[in-house]
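Breakdown of the fold
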Amino acid sequence: MAVSDTPGWRLFLGIFADARGRGLPLVPLRPRGRDPATALSGGDYDFLLPPDAFPLLVDLLWQRAAAEGASFSINRTNPHKIQVFIHIPEAGRSIQLELWTRLEVRDPARRSARWISWAAVAPLLGIGDDGLPRLPPEIEIACYLSHLATRRKRVETPLVSERLVAYATLAATQSPRLAPLFEGLTTAGIPVAAAAANERLRELGVLASRTPAATMFDALRDKVTALPWKWDRRLRRGARIVAVTGAD
């Protein structure tokens with residue numbers, strides 16, 4: 001059976017139309033094709049959604065999964081991120097969605113906040129070719145350059161390299177200020193590019209300024225806020241979970 005004929009694939013494609021129909025804004029954060037080869041090749045799909053949208057997201061997924069006879073699972077051990085796994089057992093793989101309630105960034109210069117709220121970008125959203133809401137190109141490009149500094153990413157990684165090429169092309173026409181940051185960018189050059197991207201986000205008014213001391217306080221506060229989630233995750237580590245799909 002082709003992947004495109006599976007219940008899981010129909011669930012994956014259906015949720016975007018369902019989100020539009022039910023007023024759930026799913027904002028793509030990275031360029032990534034929605035074809036079977038790409039979806040199952042590794043990596044994930046990143047989206048931004050409002051902080052209060054989790055119940056609607058679960059209902060949307062449940063209704064579509066029930067209609068298609070598909071299955072999915074959710075991991076919510078991060079207070080600001082929801083991981084959804086759409087299972088395609090016919091291929092022995094799952095499609096991973098990461099849905100963020102805020103845009104996490106990192107400023108090596110320590111002059112910026114660690115994240116951008118939904119409220120800061122919601123009024124700026126446009127509509128993409130696929131009918132989904134989109135960030136202004138310059139903000140999306142700057143956020144990706146900043147995000148490169150969050151997990152010690154390497155430009156040699158195939159997925160990172162692919163996205164850098166896509167954003168370099170987009171920046172050439174949509175963001176002359178950021179376009180030079182892609183020229184000859186190496187892994188060692190990520191901190192400089194990320195600091196410049198954060199500076200641009202501050203200028204655009206979506207990212208708050210911080211002093212180095214305030215940046216350290218923000219990091220400490222985030223760790224404290226995440227503690228209950230980490231404790232809950234440890235408690236569930238030894239649990240036995242049974243996934244049930246379909247009618248009772």
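Position of Arg202 among the secondary structure elements: in helix α7 (residues 190-203). A polar side-chain atom of Arg202 sits 3.4 Å from a polar atom in the side chain of Asp107. Apart from the residues within four sequence positions on either side, Arg202 is in contact with Asp107, Arg111, Ser112, Leu207, Ala208 and Ser209.

With that settled, the discussion passes to the sheet that holds strand β4 (residues 81-88). Each strand in a sheet pairs with its neighbour through backbone hydrogen bonds, running either in the same direction (parallel) or in the opposite one (antiparallel). Here we have five strands laid out as an open sheet, ordered β1-β2-β5-β4-β3, and mixed in their pairing. The open sheet has two edge strands with one neighbour each: β1 (27-28) and β3 (71-78). Where β3 lies against β4, six bridges are found, and the strand directions are antiparallel. Directly across from Ser71, in β4, lies its bridge partner His87. Sheet contacts for helix α1 (residues 7-21): β2 (45-48), β3, β4 and β5 (93-100); angle to β4, the most-contacted strand, approximately 140°.

Moving on: the nonpolar core. Note on soluble globular proteins: their nonpolar side chains tend to be buried together. Leu48, Leu103, Ile116, Leu145, Leu164 and Leu201 are the most contacted members of the largest nonpolar core, which has 33 residues in total. Residue contributions to this core peak at six residues, all from helix α5 (residues 137-147). Apart from residues no more than four positions distant in its own chain, Leu201 is found in contact with Ile116, Ile139, Ala142, Cys143, Val206 and Leu207.

The next thing to look at is unusual backbone geometry. In this structure, Arg110 takes a positive phi of about 55° despite not being glycine. Within the element layout of this structure, Arg110 appears in the loop between β6 (102-104) and β7 (115-117).

The next thing to look at is the pairing of β5. By the criterion of burial, β5 is predominantly enclosed, with six of the eight residues buried. Here β2 runs beside β5; their pairing, made up of four bridges, is parallel. Note on β5: the bridge partner recorded for Leu48 is Trp100. Connecting β4 to the antiparallel partner β5 that follows it, the hairpin turn spans four residues, and Gly92 within it adopts a positive phi of roughly 65°.

As enumerated under the stated definition, the model contains five aromatic pairs in all. Aromatic pair Phe12 and Phe16: ring centres 5.5 Å apart, planes at 80°, arrangement edge-to-face. With Phe12 and Phe16 both in helix α1 and four residues apart, the pair spans about one turn of that helix. On the numbers, 5.2 Å between centres and 35° between planes, the contact of Tyr144 with Tyr167 is tilted. Taken together, the positions of Tyr144 in helix α5 and Tyr167 in helix α6 (residues 158-174) put the pair 23 residues apart, joining distant regions of the chain. Grouped by ring-pair contacts, the aromatic residues Trp9, Phe12, Phe16, Tyr45 and Phe47 constitute a single cluster. Geometry around Tyr45 places Arg32 over its ring, the cationic atom sitting 5.0 Å from the centre. A cation over a ring is seen here: Arg34 above Phe16, with NZ or CZ 4.3 Å from the ring centre.

An α-helix turns once every 3.6 residues. As a result, residues three or four positions apart point the same way. For α1, with 15 residues, the first-to-last C-alpha span of 20 Å sits near the 21 Å given by 1.5 Å per residue. Residue Gly14 marks the point of greatest curvature in α1, where the axis turns by about 30°. Residues Pro7, Gly8, Trp9, Leu11, Phe12, Gly14, Ile15, Phe16, Asp18 and Ala19 constitute the buried set of α1. Against α2 (36-39), β2, α3 (54-68), β3, β4 and β5 lie the buried residues of α1. Following α1 by one or two positions, Gly23 adopts a phi angle in the positive range, close to 75°.

Another aspect to go through is empty space enclosed by the protein. What the rule picks out here adds up to one cavity of 30 Å³ or more. Roughly 90 Å³ of internal volume is contained in the largest cavity. In terms of lining residues, the largest cavity is bounded by Leu29, Arg30, Trp100, Arg102, Leu103, Glu104, Leu135, Glu140, Cys143 and His147. Elements with a contribution of two residues or more to the lining of the largest cavity: β6 and α5. Its residues assigned to classes, the lining of the largest cavity shows five nonpolar, one polar and four charged.

On to the packing of α5 against α6, then. Running from N to C, α5 and α6 point in directions that differ by 145°, and their axes come no closer than 10 Å. Considering the relative orientation of α5 and α6, their crossing is left-handed. Packed against α5, whose contacting residues are Pro137, Glu138, Glu140, Ile141 and Tyr144, the element α6 presents Val160, Arg163, Leu164, Tyr167, Leu170, Ala171 and Gln174 at the interface. Tallied by class, residues from the contact of α5 with α6 come to eight nonpolar, one polar and three charged.

How each quantity is defined
- Residues numbered from 1 in each chain as written.
- Predicted model: local features only at pLDDT ≥ 70, side-chain atom pairs only at ≥ 80, totals over all residues.
- Heavy atoms only, no water.
- Helix = DSSP H or I, 4+ residues; strand = E, 2+ residues; numbered from the N terminus.
- Polar contact = N/O pair within 3.5 Å; in protein donor to acceptor, adjacent residues only side chain to side chain.
- Contact = heavy atoms within 4.5 Å.
- Pairing = 2+ DSSP bridges.
- Axes fitted to C-alpha atoms, helices over the stretch in contact; angles between N-to-C directions.
- Core = buried A, V, L, I, M, F, W, Y, C linked by side-chain atoms within 4.5 Å.
- Buried < 20%, exposed > 50% of the residue type's maximum accessible area, 1.4 Å probe, protein only.
- Phe/Tyr/Trp six-rings, centres within 6.5 Å; stacked < 30°, edge-to-face > 60°.
- Lys NZ or Arg CZ within 6 Å of the ring centre and 35° of its normal.
- Expected span 1.5 Å × (residues − 1).
- Bend = angle between axes of the 7 residues up to and from the residue.
- 1 Å grid on protein atoms, 1.4 Å probe; cavity = no way out; pocket = protein on both sides within 12 Å on 5 of 7 lines; lining within 4 Å.
- Points joined across faces, edges and corners; volume = space filled by probe spheres on them.
- Nonpolar A, V, L, I, M, F, W, Y, C, P; charged D, E, K, R; others polar.
- Left-handed = near helix turned anticlockwise from the far one by under 90°.

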